[in-house]
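Residue-level structural notes
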Amino acid sequence: MNCPYGHFSMRDMMKRKKRKIYIFDTTLRDGEQCPGASLTADEKLQVARQLERLGVDIIEAGFPAASPGEIEAIQAISKEVTKPVICALARMVSQDIDAAREALKYAKKKRLHVFLATSKIHREFKLKKRKSEILKLAQQQIKYAGQWFKDIQFSPEDASRTEREFLADAVWAAIDSGATTINIPDTVGYALPKEFGELIAWLIKKIPGLGKKISLAVHCHNDLGLAVANSLQAVMFGANQVECTMNGIGERAGNASMEEIVMAIDTRRDLMNVYTDIKVNQIIKSSRLVSHLTGLAVQPNKAIVGRNAFAHESGIHQDGVLKKRQTYEIIDPKRIGLSGSEMVMGKHSGRHAFRERLVKLGIVLNSEDLNRAFERFKRLCDQKKYVFDQDIEAIVEEEVSKIPETWKLEYTKISSETGVVPSATVRLSCRGEIKEASSEGDGPVDACYKAIEKATGIEATLVNYSIQSVTSGKDALGEVNIKMLVNGKEIGGRATSTDVIEASVKAYLFVLNKVQMHQGGKSGLPI
Ligand code: KIV
Ligand code: ZN
């Protein structure tokens, strides 16, 4: 059903009933204040472009008084990024406001954000000003700014620790002097959700027009891990703008994380009668760009954008998700720009997930082979934390293709001392016959490989060699992966052992045994 006048679709009408929450992104200002996160002008521009694609309403692009470079960066953003409002932060001093004027002079839509601390502790120890002086300063500077800015946001810093009546006085003074948005910061992340929600409700009741004609924002820090909860509570109680950063970066423990706020609103639309205009399919891209440019890694278990946010390892969970994704996922990972859920193959994985992974790898096994491969996979999981696709392919190759061990290792003897050319003796058996040879080499592995070539008489060239430890500690298992060119064909070999020389030799013999199998061993001779 559409609007009876034909103006709006049903969807629009539903949306209209909901209140819009404006997303004010401060990744480039508060986020950049995060230790070690500072960005060059070009990097800031890259982030701003992506924030525009993401659909944020306001970008706080920086603090112009910080440096001439900061002014130039904000100017560059203002020239190019035109859909969102571009905002700059200033203290309540005319030099800061002038710097913001300069920084925003090219912006199509601009906002000035001024702040002044109001809490007792900040007044007495930081500003050394009485309440009346704070009010006067705020009024003076907002009026000064009003000569050039129509859109002015005022933040009473440390609002959540400010005496309520004085906070209302400061907010009222700011509105009276020309502020069009009031932002309530929980500067030190001290508030609890119930308390913060009540503060917002109290301010709305106390100050007419707040949250309506005068926009009401919140800016929550994460010192108690409550920044998102506090922001959502404020939204429930009438705030219509949320300040946040990508990946939750920011001073100390950071700011409220944008992706969490947006996806909470999106996912719980049954309870929250609000919406944002964020294009959620840009979330992962934005998160990765910010992490890459700031050098701040996203913790693996971070909600929405962490590497593990859609990864399932437990067999029960994997089975559930494979049967119906929603059993263990409340968000479709594809909506936020991921390719899908991830099944981490490890010791908790079950047969269902293992079979699915084989299918993805293009391997179809009968049930007997599947059982054997699965048992082998489980044994490998006890040795290795993560089992990768190559491991699974190798298991199938070794276990199911059942490569006969034509060439067997009896022993290797290595002599390697500093300053002396390494040498090795390798003793192998082939169908009951012993073959032994010695050789020198560039290193112990090279010496062994040359000795094997002599002993077997099979020409083989090493194309690729890699070694990695698959367990931790002094007795770690070393896994050797090689590629060898035999009879004009590249063949892969792999072996594990606590002794890396033994693993290297066995990987080589694995290649020879594969060749032997493919040749059918018809002649009865080793190739
Ligand atoms: O945390 C804070 O109080 C701020 C203000 C400048 C809004 O970042
Ligand atoms: Zn802040």
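Residues numbered from 1 in each chain as written. Chains lettered and ligands numbered in written order. Predicted model: local features only at pLDDT ≥ 70, side-chain atom pairs only at ≥ 80, totals over all residues. Heavy atoms only, no water.

Quick notes on the overall build of the protein chain
Looking only at helices and strands, one finds 17 helices and 18 strands in the protein chain. For 527 residues, the compact-globule formula gives about 24 Å, and the C-alpha radius of gyration of the protein chain, at 33 Å, lies well above that figure. Reported as C-alpha extents along the three principal axes, the dimensions of the protein chain are approximately 100 × 65 × 40 Å. Buried positions account for 50% of the 527 residues belonging to the protein chain. When the accessible surface of the protein chain is totalled, it reaches about 25,800 Å², and 50% of it is carbon and sulfur. Mean positive and mean negative side-chain charge positions of the protein chain (76 and 66 charges, respectively) differ by 7 Å. (Helix = DSSP H or I, 4+ residues; strand = E, 2+ residues; numbered from the N terminus. Rg over C-alpha atoms; globule rule 2.2 N^0.38 Å. Buried < 20%, exposed > 50% of the residue type's maximum accessible area, 1.4 Å probe, protein only. Areas by Shrake-Rupley, 256 points an atom, 1.4 Å probe, with all protein chains shown as cover. Lys, Arg positive; Asp, Glu negative; His and termini not counted. Charge placed at Lys NZ, Arg CZ, Asp CG, Glu CD.)

Looking at the coordination of the zinc ion (ligand 2)
Here the zinc ion (ligand 2) is held by the protein donor atoms Asp-30 (OD), His-219 (NE2) and His-221 (NE2), which lie 2.0 to 2.1 Å from it. Given a relative accessible area of 5%, His-219 falls into the buried group. (Donors = N, O, S within 2.8 Å, 3.2 Å for Na, K, Ca; no water.)

Here's the deal with unusual backbone geometry
A positive phi angle is found at Asp-158, which is not glycine, with a value near 60 degrees. For Asp-158, a relative accessible area of 0% translates into the label buried. Although it is not a glycine, Asn-487 sits at a positive phi angle of roughly 50 degrees. Relative to the helices and strands, Asn-487 is located in the loop between strand S17 (478–486) and strand S18 (489–497). By relative accessible area, Asn-487 is classed as exposed at 57%.

Topic: the packing of helix H3 (residues 68–80) against helix H4 (residues 94–103)
To describe two helices that pack against each other, one gives the angle between their axes and the distance between the axes. Running from N to C, H3 and H4 cross one another at 40 degrees; their axes reach a closest spacing of 8 Å. In terms of their interaxial angle, H3 and H4 are classed as oblique. In this structure, H3 contributes Ile-71, Ile-74, Gln-75 and Ser-78 to the contact, and H4 contributes Ala-99, Glu-102 and Ala-103. Residues of the contact of H3 with H4, tallied by class, amount to four nonpolar, two polar and one charged. (Axes fitted to C-alpha atoms, helices over the stretch in contact; angles between N-to-C directions. Parallel < 35°, antiparallel > 145°, perpendicular 65-115°, else oblique. Contact = heavy atoms within 4.5 Å. Nonpolar A, V, L, I, M, F, W, Y, C, P; charged D, E, K, R; others polar.)

Considerations on the packing of aromatic side chains
Applying the stated criterion to the full structure yields five aromatic pairs. Where Phe-354 meets Phe-374, the ring centres are 5.6 Å apart and the plane angle is 50 degrees; that geometry is what we call tilted. With Phe-354 in helix H13 (residues 351–360) and Phe-374 in helix H14 (residues 367–383), this pair connects stretches of sequence that are 20 residues apart. For the residue pair Phe-354 and Phe-374, the accessibility class agrees, reading buried in each case. Taken together, the ring pairs connect Phe-354, Phe-374 and Phe-377 into an aromatic cluster. Residue placement shows Arg-101 over the ring face of Trp-148; its charged tip is 3.8 Å from the ring centre. (Phe/Tyr/Trp six-rings, centres within 6.5 Å; stacked < 30°, edge-to-face > 60°. Lys NZ or Arg CZ within 6 Å of the ring centre and 35° of its normal.)

A short note on helix H12 (residues 315–323)
What H12 keeps buried is the set Gly-315, Gln-318, Gly-320 and Val-321. Taken together, the buried residues of H12 touch strand S11 (311–312), strand S12 (342–343) and H13. N-cap assignment for H12: the residue whose side-chain oxygen lies 3.2 Å from the backbone N of Ile-316 is Ser-314. (Polar contact = N/O pair within 3.5 Å; in protein donor to acceptor, adjacent residues only side chain to side chain.)

Describing the sheet that holds strand S16 (residues 461–469)
Spatial ordering of the open sheet is given by S16-S17-S18, a layout of three strands whose pairing is antiparallel. The outermost strands of the open sheet, each flanked by one partner alone, are S16 and S18. Adjacent strand axes in the sheet meet at a mean angle of 15 degrees, parallel and antiparallel pairs treated alike. Bridge analysis of S16 against S17 gives eight bridges, and the strand direction is antiparallel. Within S17, the position partnered with Ser-469 by the bridge is Gly-478. Packing of helix H17 (residues 500–518) onto the sheet brings it into contact with S16, S17 and S18, and relative to S18 it is tilted by some 140 degrees. (Pairing = 2+ DSSP bridges.)

Some points on the site of ligand 1
Residues in contact with ligand 1, as listed here, are Arg-29, Asp-30, His-113, Phe-115, Ser-155, Glu-157, Asn-183, Pro-185, Thr-187, His-219 and His-221. Contact distances for ligand 1 include 3.0 Å between an oxygen atom and a side-chain N or O atom of Arg-29. Within the side chain of His-221, one N or O atom sits 3.0 Å away from an oxygen atom of ligand 1. Considering ligand 1 on its own, with 260 Å² of exposed area, one finds that the protein chains cover 94% of that surface. The set of elements that each furnish at least two residues to the shell around ligand 1 consists of strand S5 (110–117), strand S6 (152–157) and strand S7 (181–186). The class makeup of the residues in the shell around ligand 1 is two nonpolar, six polar and three charged. (Near = heavy atom within 4 Å.)

Thoughts on the sheet that holds S5
Ordered by their spatial adjacency, eight strands build a closed barrel running S2-S3-S4-S5-S6-S7-S8-S9, and the pairing between neighbours is parallel. Ignoring strand direction, the axes of neighbouring strands in this sheet form an average angle of 25 degrees. Where S7 meets strand S8 (residues 215–220), six bridges bridge the pair, whose relative direction is parallel. Residue pairing across strands places Thr-181 opposite Ser-215, the latter belonging to S8.

Re the domain arrangement of the protein chain
By the assigned domains, the protein chain splits into domain 1 (10–294), domain 2 (311–400) and domain 3 (407–518). Between domain 1 and domain 2, the residue contacts involve eight residues of the former and six residues of the latter. Among the residues domain 1 hides against domain 2, the three largest losses belong to Met-263, Thr-267 and Ile-284. Together they make up 55% of the total. If you look at where domain 1 meets domain 2, you find one salt bridge. For Asp-266, the salt bridge goes to Arg-335, with nearest N and O atoms at 2.6 Å. On the surface where domain 1 and domain 2 come into contact, there are three residue pairs in polar contact (both at pLDDT 80 or more). Taken together, the elements giving at least two residues each to the side of domain 1 that touches domain 2 come down to helix H10 (258–267) and helix H11 (283–294). Here the residues of the side of domain 1 that touches domain 2 sort into four nonpolar, two polar and two charged. (Domains from an automatic or database assignment. Buried area = accessible area lost by both parts, 1.4 Å probe. Salt bridge = Lys/Arg side-chain N within 4 Å of Asp/Glu carboxyl O.)

Description of the nonpolar core
Phe-154, Ile-182, Ile-184, Met-258 and Ile-283 are the most contacted members of the largest nonpolar core, which totals 89 residues. In terms of residue count, helix H7 (residues 164–177) provides more of this core than any other element does, seven residues in total. Setting aside residues up to four positions removed in sequence, Phe-154 forms contacts with Met-92, Val-114, Leu-116, Ile-142, Ala-170, Ala-174, Ala-179, Thr-181, Ile-182 and Asn-183. (Core = buried A, V, L, I, M, F, W, Y, C linked by side-chain atoms within 4.5 Å.)

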